[in-house]
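Below, each chain spelled out in residue letters.
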Amino acid sequence: MPAIETDDGVRLHAEETGQGEPLLFIHEFAGDHRSWEPQVRYFSGAYRCLTYAARGYPPSDVPTDPAAYSQARAVADALAVLDGFGADRAHLVGLSMGGFTALHLALAHPDRVSSAVVAGAGYGAQPERADAFRAESMLTAAAFAAEGAAKVAERYAVGPARVQFQNKNPRGWAEFAAALGGHSSLGSALTMRGVQAARPSLYALTGELAKVRAPVLVLAGDEDEGCLEPALMLKRTIPAAGLAVLPRTGHTANLEEPDVFNRAVDSFLTAVARGTWRPRDPRSVSESTTGMR
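Residues numbered from 1 in each chain as written. Predicted model: local features only at pLDDT ≥ 70, side-chain atom pairs only at ≥ 80, totals over all residues. Heavy atoms only, no water.

Concerning the pattern of salt bridges
Then step 1. Applying the stated criterion across every chain, the model contains 17 salt bridges.
Then step 2. Between Glu16 and Arg48 there is a salt bridge whose closest N-O contact spans 2.8 Å. Linking Glu16 in strand 2 (residues 11-17) with Arg48 in strand 4 (residues 47-52), this pair joins segments that are 32 residues apart in sequence.
Then step 3. The class of Glu16 is partly exposed, set by a relative accessible area of 38%.
Then step 4. With relative accessibility at 18%, the residue Arg48 sits in the buried group. (Salt bridge = Lys/Arg side-chain N within 4 Å of Asp/Glu carboxyl O. Helix = DSSP H or I, 4+ residues; strand = E, 2+ residues; numbered from the N terminus. Buried < 20%, exposed > 50% of the residue type's maximum accessible area, 1.4 Å probe, protein only.)

Right under this line is the structure:
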């Protein structure tokens, strides 16, 4: 598997499977490149599936400098992966932390994005929740640093938006929890501080988001409380956005409901390929309910 070197000398573990248009998967904080296995198995028959472990996630490098971790750096790393595979453009699928990266990539480098699936993105975005989210993120980072990933995973993996996965699929959840427990404690702490806690609120970017022209599928589980309101905001703000809500589903949607997730993404990509995923008709945005006034 190739190792891709970023412009600041960090080596990222990356993998490619299949042929066709590039489809880049960007993982969440509690996952890594392995988290996309159900998607790679499904989509690699028609797409060139690209996955990678973010910096701080072995077998990628774990820089020790806190300044090496940020939202901007996460975007630059995604671009480095595309460049490393020689992909001028790609469809993006990002979950949570990866969904934020997909959005910021579409904002900063629209020429590199064919479409974007933004799943489970919204934690801490609402202005009234921002301070509490940052405080909890810093506490979580401190726990990773002091206790280690294996100990923290015992609590993190049964968070309020993770128990749905545990209840539906105990074996799959156990694999997810074990992988989280094997993450780098240092990398997790620095990622939580530099990326999660410090990223800008999506609500501060509505003016920029309204200019996004790429087709976007916003996806959320209906029991992922931290993402529901931001998902609605993204749907209403991005011109060519659609919203899919998965019933009785939490945060780890791609693993918890892989068949439903894959079908939603597949339908979206098919519509994009056909040219039928268009910007919202402005006539549908009105203070009138029926159009009679």
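On we go from here.
Examining the nonpolar core
Then step 1. Core analysis: the largest hydrophobic core is formed by 41 residues, its most contacted members being Leu24, Tyr52, Leu92, Val216, Leu234 and Ile238.
Then step 2. For this core, the leading source of residues is helix 2 (residues 71-84), giving six residues.
Then step 3. Setting aside residues no more than four positions away along its own chain, Leu234 makes contact with Leu103, Val118, Ala121, Leu202, Leu209, Val218 and Ala241.
Then step 4. In this structure, Cys49, Val117, Ala253 and Val272 belong to the second largest nonpolar core, which totals 21 residues. (Core = buried A, V, L, I, M, F, W, Y, C linked by side-chain atoms within 4.5 Å. Contact = heavy atoms within 4.5 Å.)

Some words on the pairing of strand 4
Then step 1. With six of its six residues buried, strand 4 lies for the most part within the structure.
Then step 2. Taking every second residue as pointing to the same face, both faces of strand 4 are buried, with Tyr47, Cys49 and Thr51 on one and Arg48, Leu50 and Tyr52 on the other.
Then step 3. In terms of strand pairing, strand 2 meets strand 4 through four bridges, oriented antiparallel. Following the sheet pairing, Thr17 is matched in strand 4 by Cys49.
Then step 4. Sheet topology places strand 3 (residues 21-26) next to strand 4; four bridges connect them, and they run parallel. Bridging across to strand 4, Leu24 finds its partner in Leu50.
Then step 5. With respect to chirality, the unit in which strand 3 leads through helix 1 (residues 37-43) into the neighbouring parallel strand 4 is right-handed. (Pairing = 2+ DSSP bridges. Right-handed = clockwise from strand over helix to strand, strands pointing away.)

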